[in-house]
Every structure is written in C-alpha cells, then in structure tokens.
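Chain and residue survey
The lines below spell out each chain.
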Amino acid sequence: MAVIVLAVAAICIIVAIVVSNNSQKILSTGAVIFAVVILHNLLGYLFGYLIGLLFRFDAKRKKAVIIIAASIVLVTSITLLTVLFIIPESKYSNAQQKLDNNEY
C-alpha cells in the first residue's frame, strides 16, 4: 500500500511540475489536451480489460492486468508530456539565445 501511495505522489508531483512550467501552452491548446489525455487513459484501461478477456483470466487477474496496462499508459503519458512540453521549450530557448547572440 505504501508503494502505491508513493507512486501516486510522485506522479502528482511530475504532473504539477509540467503543468506549472507550461500553463500558457496548456491554456492555449484548451480542451484538446484534456480530451486526448482522458481518451488515452481510457484506452489503457480498455486494453487491459480486453487482454484479460482474451486470455480468460479470473476477476482478480483481470484487475491486475487492467492496472498494469493503465500504469504503462500513464508512464507513456508522462513521457509524452515531457517530450512535448519540457524539452521543446528548452531547445527553443537555446536556439533563441543563439539567435539573439548572432551565433548562427
């Protein structure tokens, strides 16, 4: 139980950092990001459920597969958030600084 609480806390911290650093980008894209995130996570749960049905797992194993699939989707979501919001900003900043300093 403690591991789950720790994992949820870590995820909340990562999401808070991404959101706080990119609030303007998130506001400018609006509801599209939220719709994509919700759809992405729901598809993760659905995928886990379908795998459980496909292999005819009992209810306990089906829940485990659903949670594992959702966890994998969550990691994918965090990776996408990092790539789409954090990394391009730093690349843009470095490129903008080089342009400002006439280094190109």
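See the structure shown above.
Summarised in this report is the structure supplied together with it. (Residues numbered from 1 in each chain as written. Predicted model: local features only at pLDDT ≥ 70, side-chain atom pairs only at ≥ 80, totals over all residues. Heavy atoms only, no water.)

This part is about the overall build of the protein chain. The secondary structure content of the protein chain amounts to four helices and zero strands. The N-to-C order of helical and strand elements in the protein chain reads α-α-α-α. Pairs at least 24 residues apart make up 55% of the contacts formed inside the protein chain by residues separated by at least 6 positions. (Helix = DSSP H or I, 4+ residues; strand = E, 2+ residues; numbered from the N terminus. Contact = heavy atoms within 4.5 Å.)

Turning next to the packing of aromatic side chains. Summed over the entire model, instances satisfying the criterion amount to one aromatic pair. A ring pair is formed by F55 and F57, whose centres lie 5.9 Å apart and whose planes are at 20°; its orientation type is stacked. Using a relative accessible area of 53% as the deciding quantity, one classes F55 as exposed. Assessed through its relative accessible area of 27%, F57 is described here as partly exposed. (Phe/Tyr/Trp six-rings, centres within 6.5 Å; stacked < 30°, edge-to-face > 60°. Buried < 20%, exposed > 50% of the residue type's maximum accessible area, 1.4 Å probe, protein only.)

Moving on, we come to unusual backbone geometry. We note that R56 has phi near 55°; this positive angle belongs to a residue other than glycine. Considering the arrangement of structural elements, one finds R56 in the loop between helix 3 (31-54) and helix 4 (59-100).

Attention now moves to the environment of V19. Within the secondary structure, V19 is located in helix 1 (residues 2-21). V19 sits in the partly exposed class, given a relative accessible area of 40%.

That's the geometry; what it means functionally is another story.
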